Amino acid sequence: ARLLWIMAGNRPALRSLVRLLGLAYTRGDHKKALALGEQVLRLNPFDNHGMRHTLAEDYLGSGDADACLRIAAAFPDDPAPELRFNEALALFRLGRAKGAIDALKRAHQMSPRVAAFLLPGRVRKPQLSDLGVSLDGDDRAWLYRDAMREVWKQTPGALEWAKKMLG
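Keep in mind that this is a model prediction, so the values were computed, not measured.

Enquirer: Teacher, can you tell me more about the pattern of salt bridges here?
Expert: Side chains that differ in sign of charge can pair as their charged atoms come close. Counted according to the given criterion, the structure contains 8 salt bridges. Asp78 is paired through a salt bridge with Arg52; the nearest N and O atoms lie 2.4 Å apart. Pair noted here: Asp78 is in the loop between helix 4 (65-74) and helix 5 (81-93) and Arg52 is in helix 3 (residues 51-61), with a separation of 26 residues, a long-range link. A relative accessible area of 10% means that Asp78 is categorised as buried. Note on Arg52: relative accessible area 14%, which makes it buried. For Arg84, the salt bridge is made with Glu87, and the minimal N-O distance between the two is 3.2 Å. Placement of both Arg84 and Glu87 in helix 5 is noted, with a separation of 3 residues, approximately one turn of the helix. No difference in accessibility class separates Arg84 from Glu87, as the two residues are buried. Here the residues in one salt-bridge network are Asp47, Arg52 and Asp78, joined through shared partners.

Enquirer: Help me understand the environment of Ala115 in this model?
Expert: Within the secondary structure, Ala115 is located in helix 7 (residues 113-118). By relative accessible area, Ala115 is classed as buried at 10%. Sequence spacing of Ala115 and Arg145 is 30 residues, and the spatial spacing of their C-alpha atoms is 8.9 Å. Among all residues touching Ala115, those that are not within four sequence positions of it are Phe85, His108, Pro120 and Leu166.

Enquirer: What is the right way to read the packing of aromatic side chains from this model?
Expert: Each aromatic ring pair is described using two quantities: the centre-to-centre distance and the angle formed by the ring planes. On inspection of all chains with the given rule, the structure shows 2 aromatic pairs. Taken together, a centroid distance of 5.8 Å and an interplanar angle of 45° make the contact between Phe85 and Tyr144 tilted. Residue Phe85 is located in helix 5, and its partner Tyr144 is located in helix 8 (residues 138-153); the two are separated by 59 residues in the primary sequence. Side by side, Phe85 and Tyr144 carry an identical accessibility label, which is buried. In this structure, Arg52 packs its charged tip against the face of Phe75, placed 4.7 Å from the ring centre.

The rules behind each value
- Residues numbered from 1 in each chain as written.
- Predicted model: local features only at pLDDT ≥ 70, side-chain atom pairs only at ≥ 80, totals over all residues.
- Heavy atoms only, no water.
- Salt bridge = Lys/Arg side-chain N within 4 Å of Asp/Glu carboxyl O.
- Helix = DSSP H or I, 4+ residues; strand = E, 2+ residues; numbered from the N terminus.
- Buried < 20%, exposed > 50% of the residue type's maximum accessible area, 1.4 Å probe, protein only.
- Contact = heavy atoms within 4.5 Å.
- Phe/Tyr/Trp six-rings, centres within 6.5 Å; stacked < 30°, edge-to-face > 60°.
- Lys NZ or Arg CZ within 6 Å of the ring centre and 35° of its normal.

So, in structure tokens, the structure goes:
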């Protein structure tokens, strides 16, 4: 079954699933939240809610590098750091050096500001807009750092490797 967002009649059901997912996160039931996120992706494969970003972060944060790679591979043209930088980190964790280097360089090409915020130990938080987030701006780079720097730090050698690879 598909519930494509483009069809207005499907939107209440998709919104309800996303709200249910939010409740699962609020209650600390990450397993349920991941299952709901996967369900939303299956029903609406164009992912108008950005579930792919949340799932990639959560899978990598919970130690499931393979699941993160599966999500990233399903959206190869999405330049979002939640997919591209997480793909590089997942490959690094799995010891797939060549793929990790290629993914990191590609991620950096797509979102060059991320490294400036992710790699240093301390960095000043930029001004965040109430109107949204730019794809390749300081705000998006900061939000990625805020969500994922601890995950990078928990991977031995990952930040040092990324600094070396990106010069």
